[in-house]
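Okay, here's what each chain looks like letter by letter:
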Amino acid sequence: MTCSDLNPAPEAAAFRRAPSEVMRLDRMGSAHPTRLSFLRVLLRRLQAEGWTFDRPVWDIDAKGIGRAVYRAIGPVRTYSLVAFAHDLPDHMRSDRVIATAWDATFCLYDGTPSETDLDRLQANVPLQEAGRISSTELSLSRANRSVRLFDHVLERLASGQQPDVAEIEAVGYLMRTTAVYGSGKFGAADRAAIADRPELTGPFQAEMLSVWLTRSFTVDMVEHLAALRGGDSAVRLDESIRRRLGVGNSTGLGMAPFLVRHPVLLNNWMAAREEALARVRAQPSATPEAVTILGQTLEKAQRNAASWHSEHPVQVTKLADLRRDLTRIEEKLAAFPGEQDHPWDALWRWGGETLSIEGQEALLSLMLEPHGDLIDGLAGCMNADEAAAFRIDGTESVGDFRATLGRDYDWALNTDFDKPQQSARFWYVSEEKLEPRLGDRYAEDGAERELPLCTGRMAAELARSLKGWADDQPLAQFLLAHPEHRLMARRVQICARYPYSEIQDNLIAEDMLPIDLLRCKLAFFGASHFDPRSDRWVRIALFQGAPYPQDLAEEKSL
Amino acid sequence: MMPEPNDPTRAGAPVPQGVDGQVRLSMTELETLAAKAARGAGLEWGLAEEAGVAVRWLQARGFDGADLLIRHLKHNTGGCWRDMAPVIEKRVWSSAGSHPLSPITAGTTLGDYATLPDGLEAGPIDLLKVDGPGLLLPFLSGLSHLLGKPCAMEWAGNRIVVFGNDVHSRTSTTTDILTDCADVRIFQPDAANTATLVTPRVRKIAIDTLRGLDALAMSTTVPASEQSRQGAGAGTSDND
């Protein structure tokens with residue numbers, strides 16, 4: 001990590017988990033959001049810097065069609081969510097990335113948009129991928145209503161009643177986004193152009209801001225339509241119910257390759273979280289305040305687990321594990337911290353012996369929560385200068401390189417990729433929709449156009465080609481003779497410097513679950529209620545229980 | 001298949017054409033597209049990545065990197081990339097066969113060898129018959145960053161010096177001189193440099209260049225089948 005020289009807690013090193021334990025799909029696929037998740041980082045910064053918020057434009061008609069602008073005004077810069085509300089017939093409502101119409105479309109504008117800007121955006125943003133945005137836009141997104149909940153809330157509010165809490169809990173959001181594009185997509189500002197702004201240096205901060213402001217829009221929309229329908233008898237949402245609403249997100253395979261394609265970034269996310277856990281474990285004692293917060297956080301986690309539903313068999317099992325394990329943790333905490341030295345480490349080791357992987361990763365999140373002062377600064381280490389890590393060191397000797405490969409990729413070198421079940425899948429981009437998909441190598445055409453995401457097999461092939469090369473030859477010479485290994489050689493050198501950069505599992509195995517990749521990434525975003533709809537498609541919620549812009553300044557813990 | 005202008009989730013970039021027949025891509029889009037096009041033309045993935053980074057560097061500094069790349073790729077879509085890699089003999093690098101040298105492969109290899117005995121640090125290098133010297137510029141920048149000194153290339157009476165991310169040239173850097181096939185000498189010039197600094201400005205790209213890159217990028221994709229369609233999406237109603 002880039003911040004290692006400044007580490008104020010060097011004693012934590014002895015408590016760090018090894019990449020071989022952390023970088024496994026089953027564990028990554030059990031990740032829980034933590035206080036280092038990107039939406040938490042965003043809210044803490046907005047509060048600490050005293051950002052203010054307003055809604056200078058609300059031009060939505062009685063049918064719910066029109067446009068609105070939500071501004072976030074910071075000490076130096078202002079960002080505006082520009083929202084367009086549409087009238088979408090039910091038969092056109094699809095969460096697929098290939099949909100062509102939505103209930104609402106959005107972009108995050110860099111500054112305060114003029115009428116001219118709004119007109120330009122109105123001609124493009126509602127088209128999403130088919131339109132074109134510019135370097136003054138930082139993200140592009142869209143959302144569909146949860147028809148069931150939106151209609152329920154609308155009817156209730158219009159008739160002067162609050163919605164049924166059970167209905168709110170069952171869905172958790174009024175609208176769900178089906179894609180949030182940032183970083184240079186469709187003409188938007190390149191990440192490199194904005195990455196030096198402190199508020200956008202951290203990963204996905206523009207996207208998180210966009211989604212958080214979208215949440216306000218969804219509530220404003222339903223209250224607006226209820227007022228129009230119910231007139232004087234209509235009421236607004238109760239504060240406590242409003243809090244329970246987040247923004248949904250529906251996402252599929254398209255997100256999965258990201259973690260593989262951004263190894264340095266993945267390392268920095270993982271390394272920050274692991275350093276946080278290690279620092280907590282390294283604490284010689286537990287303060288009464290921390291123990292109190294731990295207990296409160298556990299209660300919240302139990303409520304969250306109770307309202308977390310899924311019909312997917314994998315997730316049903318995990319949820320059962322989670323609920324059982326949270327109960328075990330509750331029992332364990334009755335005598336915590338006791339008299340023992342390093343009680344957090346003892347708690348962690350107890351978890352490793354007692355809990356499922358799902359429960360262990362939940363415990364990680366719980367243990368981080370009381371330790372903001374100790375770990376929140378690590379959020380500043382979660383971005384990555386990927387360009388700086390791109391260069392291959394051709395002077396490395398084949399001997400050293402081979403040793404590194406053997407050390408860091410033993411998980412791959414010991415896999416027999418000639419077995420059909422170990423190479424059953426292949427990742428590719430579909431010509432039809434230009435979206436990433438996962439094919440069956442032995443039943444579908446196209447494997448010759450496979451994407452280089454089969455890291456394990458590429459490592460094994462690289463090792464095979466290295467046989468016969470003398471230890472003292474430079475890597476440059478090998479790569480000149482074997483350009484087909486260049487991509488993997490780069491990864492191997494990156495992994496030597498960034499130990500959490502590589503997922504140590506076979507990404508083309510028959511039993512590989514893409515949703516494990518999705519869950520890891522979404523947990524770093526701060527997603528809750530991970531709900532797979534297939535082995536490669538999920539719904540989640542963001543910002544559930546979080547404050548709204550108008551509540552942010554008063555919020556006690558973020 | 002060429003992507004439709006309105007094709008969602010495009011990995012390439014069919015964008016609306018400006019009145020001047022030019023389009024503006026973000027640097028992210030351009031880098032991704034260039035890498036896919038290079039891969040589509042048959043370069044290995046690791047070299048295709050280098051091509052993407054190189055084109056981005058050029059385009060951000062006022063050179064039409066996208067055009068340089070598509071010209072180079074179109075010369076060589078037959079898949080003879082291995083024959084266009086350098087064979088290193090003392091200070092002279094030439095291609096293995098009768099083909100010219102690929103500036104992508106040659107540039108990448110210059111970077112890999114930089115501080116090795118056969119590399120630039122040890123002395124000037126002559127690259128014989130480079131297919132488009134302009135594409136070497138980003139790699140010279142990489143060398144300059146690594147060695148902490150200016151790096152220069154000279155060919156057919158032209159000389160360009162790169163120091164870090166700055167480009168200096170005495171003559172105007174027209175497309176012709178950047179794309180000609182030429183013998184190129186790479187060396188570390190004396191520190192004194194009186195040439196004009198080329199002012200960086202992001203170049204738009206011509207719609208035909210974009211179409212060319214898109215067409216090559218499309219050849220990295222796989223046609224749809226019933227099975228592939230089934231795997232995408234939740235398979236349940238979203239109207240809930």
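Some words on the overall build of chain A
Okay, so step 1: Tallying secondary structure elements over chain A gives 23 helices and eleven strands in all.
Okay, so step 2: Here the C-alpha radius of gyration of chain A, 24 Å, is about what a compact globule of 558 residues would show, namely 24 Å.
Okay, so step 3: C-alpha atoms of chain A, sized along the principal axes, occupy 85 × 60 × 45 Å.
Okay, so step 4: Taking all 558 residues of chain A together, the buried fraction comes to 63%.
Okay, so step 5: Sequence separation of at least 24 residues holds for 74% of the intrachain contacts in chain A that already meet a minimum separation of 6.
Okay, so step 6: Carbon together with sulfur atoms contributes 49% to the accessible area of chain A, which is approximately 21000 Å² in total.
Okay, so step 7: Across chain A, the 65 positively charged side chains and the 81 negatively charged ones have centroids separated by 1 Å.

Examining the interface of chain B and chain A
Note on interface size: it is often stated as the accessible area lost on association of the parts.
Okay, so step 1: Contacts between the two partners involve 56 residues from chain B, matched on the other side by 68 residues from chain A.
Okay, so step 2: Between chain B and chain A, the buried area comes to about 5100 Å², and carbon and sulfur atoms account for 51% of it.
Okay, so step 3: Summed over the shared surface of chain B and chain A, the number is six salt bridges.
Okay, so step 4: In this structure, the connection of chain B to chain A is made through 20 residue pairs in polar contact (both at pLDDT 80 or more).
Okay, so step 5: Secondary structure elements with two or more residues in the side of chain B that touches chain A: α1 (27-40), α2 (45-59), β2 (86-89), α4 (103-113) and α8 (226-231) of chain B.

A word on unusual backbone geometry
Residue and element names in this part refer to chain A.
Okay, so step 1: Note the cis peptide between Phe336 and Pro337, where omega equals 5 degrees.
Okay, so step 2: Here Pro337 is to be found in the loop between α14 (313-333) and α15 (343-354).
Okay, so step 3: In this structure, Phe204 is a non-glycine residue whose phi angle is positive, near 60 degrees.
Okay, so step 4: In this structure, Phe204 sits in the loop between α8 (198-201) and α9 (205-230).
Okay, so step 5: Using a relative accessible area of 17% as the deciding quantity, one classes Phe204 as buried.
Okay, so step 6: A positive phi is found at His342, a non-glycine position, where the angle reads about 45 degrees.

A word on the domain arrangement of chain A
All names here are of chain A.
Okay, so step 1: The domain architecture assigned to chain A consists of domain 1 (4-30 + 263-381), domain 2 (38-256 + 548-554) and domain 3 (387-497).
Okay, so step 2: Here the C-alpha centre of domain 3 lies 40 Å away from the C-alpha centre of domain 2.
Okay, so step 3: Every contact between the two is made by six residues of domain 2 and, on the other side, six residues of domain 3.
Okay, so step 4: Of all residues in domain 2, the largest losses of buried area upon contact with domain 3 belong to Arg96, Ile98 and Leu253, amounting jointly to 71% of the total for that side.
Okay, so step 5: At the boundary of domain 2 with domain 3, the tally comes to one residue pair in polar contact (both at pLDDT 80 or more).

Thoughts on the pattern of salt bridges
Okay, so step 1: The tally for this structure, following the rule as stated, stands at 64 salt bridges over all chains.
Okay, so step 2: Of the charged contacts, one joins Arg35(A) and Glu369(A) as a salt bridge, the two residues approaching to 3.6 Å between their closest N and O atoms. Note that Arg35(A) is positioned in the loop between α2 (25-28) and α3 (38-48) and Glu369(A) in the loop between α16 (357-368) and α17 (372-375), a separation of 334 residues in sequence. An identical accessibility class is assigned to Arg35(A) and Glu369(A); each is buried.
Okay, so step 3: Residue Glu154(B) is joined to Arg159(B) by a salt bridge in which the shortest nitrogen-to-oxygen separation is 2.9 Å.
Okay, so step 4: We classify Glu154(B) as partly exposed; its relative accessible area is 32%.
Okay, so step 5: When salt bridges with common partners are traced through the structure, they connect Arg17(A), Glu21(A), Arg27(A), Arg273(A), Glu274(A) and Glu361(A) into a single cluster.

Some words on the environment of Leu136(B)
All names here are of chain B.
Okay, so step 1: Note that Leu136 resides in the loop between β4 (125-131) and α5 (137-147).
Okay, so step 2: Along the primary structure Leu136 and Leu110 are separated by 26 residues, whereas in three dimensions their C-alpha atoms are 9.4 Å apart.
Okay, so step 3: Residues contacting Leu136, with those up to four places away along its chain left out, are Pro103, Ala106, Gly107, Leu110, Leu127, Val130, Met153, Val184 and Ile186.

What about the sheet that holds strand β7 (residues 166-169) of chain B?
Residues and elements named next belong to chain B.
Okay, so step 1: The eight strands lie next to each other as β2-β3-β4-β8-β5-β6-β7-β9, forming an open sheet whose pairing is mixed. Pairing within the sheet leaves two strands with one partner each, and these edge strands are β2 and β9 (196-197).
Okay, so step 2: Pairing of strand β5 (residues 151-155) with strand β6 (residues 158-163) involves five bridges; the strand directions are antiparallel. Counterpart to Met153 in the pairing with β6 is Ile160.
Okay, so step 3: Here α5 sits on the sheet in contact with β5, β6 and β8 (181-187), set at roughly 145 degrees to β5.

Calculation rules
Residues numbered from 1 in each chain as written. Chains lettered and ligands numbered in written order. Predicted model: local features only at pLDDT ≥ 70, side-chain atom pairs only at ≥ 80, totals over all residues. Heavy atoms only, no water. Helix = DSSP H or I, 4+ residues; strand = E, 2+ residues; numbered from the N terminus. Rg over C-alpha atoms; globule rule 2.2 N^0.38 Å. Buried < 20%, exposed > 50% of the residue type's maximum accessible area, 1.4 Å probe, protein only. Contact = heavy atoms within 4.5 Å. Areas by Shrake-Rupley, 256 points an atom, 1.4 Å probe, with all protein chains shown as cover. Lys, Arg positive; Asp, Glu negative; His and termini not counted. Charge placed at Lys NZ, Arg CZ, Asp CG, Glu CD. Buried area = accessible area lost by both parts, 1.4 Å probe. Salt bridge = Lys/Arg side-chain N within 4 Å of Asp/Glu carboxyl O. Polar contact = N/O pair within 3.5 Å; in protein donor to acceptor, adjacent residues only side chain to side chain. Domains from an automatic or database assignment. Pairing = 2+ DSSP bridges. Axes fitted to C-alpha atoms, helices over the stretch in contact; angles between N-to-C directions.

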